[in-house]
Structures are given as C-alpha cells and as structure tokens.
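Structural overview for review
Okay, here's what each chain looks like letter by letter:
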Amino acid sequence: MRKTTAKLADGRELIFFDADDAPLREAHDERPLTAAEPNPSEIRLDAVTGDWVTIAAHRQGRTYHPPADECPLCPSRDGRLSEIPSGDYQVAVFENRFPSLSGGVGRCEVVCFTPDHGSSFADLDEGRARLVLDAWTDRTAELRQLPGVAQVYCFENRGAEIGVTLAHPHGQIYAFPLVTPRTARMLQQAARHRAATGRNLFEDLLARERTGDRVVLATEHWTAFVPYAARWPYEVHLHPNRRVPDLTALTEAERAEFPAVYLDLLRRFDRLFTEPGQPWAPTPYIAAWHQAPHHDAAELALHLELFTVRRAAGKLKHLAGVESGMDAFVNDISPEAAARRLRELAP
C-alpha cells in the first residue's frame, strides 16, 4: 500500500491510499476556500440516562443530495473542483468539511471507496476492498494517538433510506473523545460475564453461534451470523474467529481473507429484495465496525455489524413508539429465518 498525504485549500488533511504499483498522486486544491472557521461541537451528558449526546449545530448547512455532476466526492475533472483535487484516485480519506466532532472535540473523516459515482462497495474487486481495509486500519492507528481520543469508529451508511446525503460510495470514521453508549453497555455485559464465568463474553458467544443454525457463512478466519436477539429484520455480525480488540491486531491471513467474505455478505444483502423480473433494488444498510477503546481493550472483541432498515421489498422497518421512545426493539422476522434466507442467497 502507498500512502500520500496532502492539504486541501482550507487546511484540512487529505490522504490517498493506492496499490504499490499505482502512479504517485499529486493534489493541488485550487478552490478559493478560506481556513475552516472554528465551529466547536459540544458533548453533553444526559443526566437521566447517563448517555453522551453530541451537539453540532453547524452541520445544518452541509451539502444535501447534490446532482451527480456536482458530487463533492468525485475526482476533480473538466474544471469542476471537488473535495478530491485529483483526476483519479483509488481510496481517498479527508477531514470532513462538516464534522459532527470538531473544535478539538474528536475528529471526523470521510472515506471514498472508489472514484466511480454510480457503483457501491459491493461492486469493488477484492484488491480494492483490501485497500479500504488497509485505510481503515491506518486511520484507526493514527487517530487513536490524537490527544483526547478514546475510541475510533469506522462505518458506512448506504442508501437514502438510511439518511445518506451524498450518493457517492463512501464511509466515515469518527474519533470519539468518549466511549460511546453502545460500547459502554457491551463492556458492562462483558464484565458481568467475566465475573460470573471467568471467560470472555465474545469468545463464548462466537463459539455458541458457530455450532448453531444462525450462521450465514464461515471460513478459516471469519464467521458471519445473525445474532440470537437481532434488532433488525436482516442483521449480520461478522467476527474474526480469533478475538482481537481492533483492526490493527488482525494478522495478514485474516486481512487477506476478509475482502472475499465481506463482499459476499454485501452481495447477498443486495439480492435480498430484488424480485424476479424486477429492476435491481440496492439494499440500504449500515455497516459498523465495533472496536475496543484503546485504553480498555481487554474484553471487547472486534466485529462488524451489518444491518438494513428494509424488512421486505418496498417496506421499511420504521422505529415506532416502543423503539424510538423506549429503546425496546420488536423484530418482525425471526433471526433463524433471516439466516436461512441469507444462506440461500449464496452466489
């Protein structure tokens, strides 16, 4: 992997990730941007729940569903200047122009998976998917060293139904100044399990799932399964078979096998709701890497959670009163049936 760092016109960092044999990247941002004004986020504690909430009022003016010929994530071409001041790229990462975390309170980055506006992660070949994994790993290692950063979160939101405002294939990375509420609950459960059994919660969970009927696919180094208490109609958790705290701890063998496994899962998701004889309907999804906080890496296991808000063709799983109001999920599809359906969609 070749890594090339540059600066955008307003001082934000831009990083190109390329295969070793790719041409050297040059980037000269010619846009008349001024230095980004400080718009600090606030992290406020909800005294009732104990959860942290980020207040980022400056994001109201962010780019919203631009036409394809004005996409800020496409390469700069034919006089149209974008966030990527280069005529081409393989994988590009840059500081978000409209970050949720700013003003010294963490950091937000955008990860562009491909210069092809009309494609998706599932359309990548294994080499490019591996390059994205390498970029996630690099950024995890770099961002967790920043002062005040407690946890690094790599994720992709895909589809307008999820709330995506830019259609170009991309993901994001948040460097949080705190341990997120979901991670904190996972750590509490892991501590309880350790106290009760003397064992690791995630190791026991994976061992149990690998022998059950909710496995979607299993390889030498990775296992994908629908969790026993899945919240979403179609939800898959992908674990390395060896417990590690974060992406930086994966071995070369685990990294080499990941692209084929992950692309297989994404392509199964894309076949979920396409009816015979009907146009392809790309599945909206969230893909979320759960990594251990770097100061508390003893119990949490690296894993990816992939789920869709669609429950059937043309039907969405809306968060109703019990889910939005009480955080008490109701799933319309049994996890066993979801796993069986996903197994049937193998190529």
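In what follows, the accompanying structure is described. Just so it is clear, the model here is predicted, and its values are computed rather than measured.

Definitions and cut-offs
Residues numbered from 1 in each chain as written. Predicted model: local features only at pLDDT ≥ 70, side-chain atom pairs only at ≥ 80, totals over all residues. Heavy atoms only, no water. Helix = DSSP H or I, 4+ residues; strand = E, 2+ residues; numbered from the N terminus. Buried < 20%, exposed > 50% of the residue type's maximum accessible area, 1.4 Å probe, protein only. Contact = heavy atoms within 4.5 Å. Phe/Tyr/Trp six-rings, centres within 6.5 Å; stacked < 30°, edge-to-face > 60°. Lys NZ or Arg CZ within 6 Å of the ring centre and 35° of its normal. Pairing = 2+ DSSP bridges. Core = buried A, V, L, I, M, F, W, Y, C linked by side-chain atoms within 4.5 Å. Salt bridge = Lys/Arg side-chain N within 4 Å of Asp/Glu carboxyl O. Axes fitted to C-alpha atoms, helices over the stretch in contact; angles between N-to-C directions. Parallel < 35°, antiparallel > 145°, perpendicular 65-115°, else oblique. Left-handed = near helix turned anticlockwise from the far one by under 90°. Nonpolar A, V, L, I, M, F, W, Y, C, P; charged D, E, K, R; others polar. 1 Å grid on protein atoms, 1.4 Å probe; cavity = no way out; pocket = protein on both sides within 12 Å on 5 of 7 lines; lining within 4 Å. Points joined across faces, edges and corners; volume = space filled by probe spheres on them.

Some details on the side chain of Thr283
- Mapped onto the elements of the fold, Thr283 is located in the loop between helix 4 (252-271) and strand 12 (285-290).
- Taking relative accessible area as the criterion, Thr283 reaches 0% and is therefore assigned buried.
- Apart from residues no more than four positions distant in its own chain, Thr283 is found in contact with Arg158, Phe269, Asp270, Leu272, Phe273, Thr308 and Arg310.

Observations concerning the packing of aromatic side chains
- Inspection of every chain in the model, using the stated rule, returns 14 aromatic pairs.
- Pairing Phe113 with Phe121 gives two aromatic rings, centres 4.9 Å apart and planes at 70 degrees, and the pair type is edge-to-face.
- We classify Phe113 as buried; its relative accessible area is 1%.
- A relative accessible area of 0% means that Phe121 is categorised as buried.
- A network of ring pairs unites the aromatic residues Phe113, Phe121, Trp136, Trp222, Phe258, Tyr262 and Trp289 as a single cluster.
- Lying over the aromatic face of Phe329, Arg231 brings its terminal NZ or CZ to 5.5 Å of the ring centre.

Things to note about the pairing of strand 11 (residues 234-240)
- Among the seven residues that make up strand 11, seven are buried, leaving the element largely enclosed by the rest of the structure.
- Of the two faces of strand 11, the one holding Tyr234, Val236, Leu238 and Pro240 and the one holding Glu235, His237 and His239 are both buried throughout.
- The sheet contact formed by strand 10 (residues 222-225) and strand 11 spans four bridges and is antiparallel. Note on strand 11: the bridge partner recorded for Trp222 is Pro240.
- Note: strand 11 against strand 13 (residues 303-308), five bridges, orientation antiparallel. Within strand 13, the position partnered with Glu235 by the bridge is Phe307.

Things to note about the nonpolar core
- Counting 53 residues, the largest nonpolar core has Phe121, Trp136 and Trp289 as its most contacted members.
- The contacts of Phe121, once residues within four sequence positions are left out, are Phe113, Ala129, Val132, Trp136, Glu156, Tyr262, Leu263, Leu266 and Tyr285.
- In terms of nonpolar packing, the next biggest core, distinct from the first, is built from 15 residues, Ala27, Cys74, Phe94 and Leu166 among them.

Section: the pattern of salt bridges
- A full pass over the atoms with the stated rule returns 28 salt bridges.
- Here Glu13 makes a salt bridge to Arg107, at a shortest N to O gap of 2.8 Å. Of this pair, Glu13 sits in strand 2 (residues 13-18) while Arg107 sits in strand 6 (residues 107-112), placing them 94 residues apart in sequence.
- A salt bridge links Arg194 to Glu299; its shortest N-O distance comes to 2.8 Å. Taken together, the residues Arg194 in helix 2 (residues 181-197) and Glu299 in the loop between strand 12 and strand 13 connect sequence positions 105 residues apart.
- Taking relative accessible area as the criterion, Glu299 reaches 17% and is therefore assigned buried.

Describing the packing of helix 1 (residues 126-143) against helix 4
- In contact at an axis separation of 9 Å, helix 1 and helix 4 are set at 120 degrees when each is read in the N-to-C sense. Considered as vectors, helix 1 and helix 4 are oriented oblique to each other. Pair helix 1 / helix 4 crosses with right-handed handedness. Taken together, the residues of helix 4 that come into contact with helix 1 (itself represented by Glu126, Ala129, Arg130, Leu133, Trp136 and Thr137) are Glu252, Arg255, Ala256, Phe258, Pro259, Ala260, Tyr262 and Leu263.
- Broken down by class, the residue content of the contact of helix 1 with helix 4 amounts to nine nonpolar, one polar and four charged.

As for the layout of surface pockets
- Estimates place the volume of the second largest pocket at around 670 Å³.
- Residue lining of the second largest pocket: 23 residues in total, with Arg182, Leu201, Leu205, Arg231 and His237 positioned closest to the centre.
- Looking at the lining of the second largest pocket, the elements with two or more residues in it are helix 2, helix 3 (201-210), strand 11 and strand 13.
- Split into classes, the residues belonging to the lining of the second largest pocket amount to nine nonpolar, five polar and nine charged.

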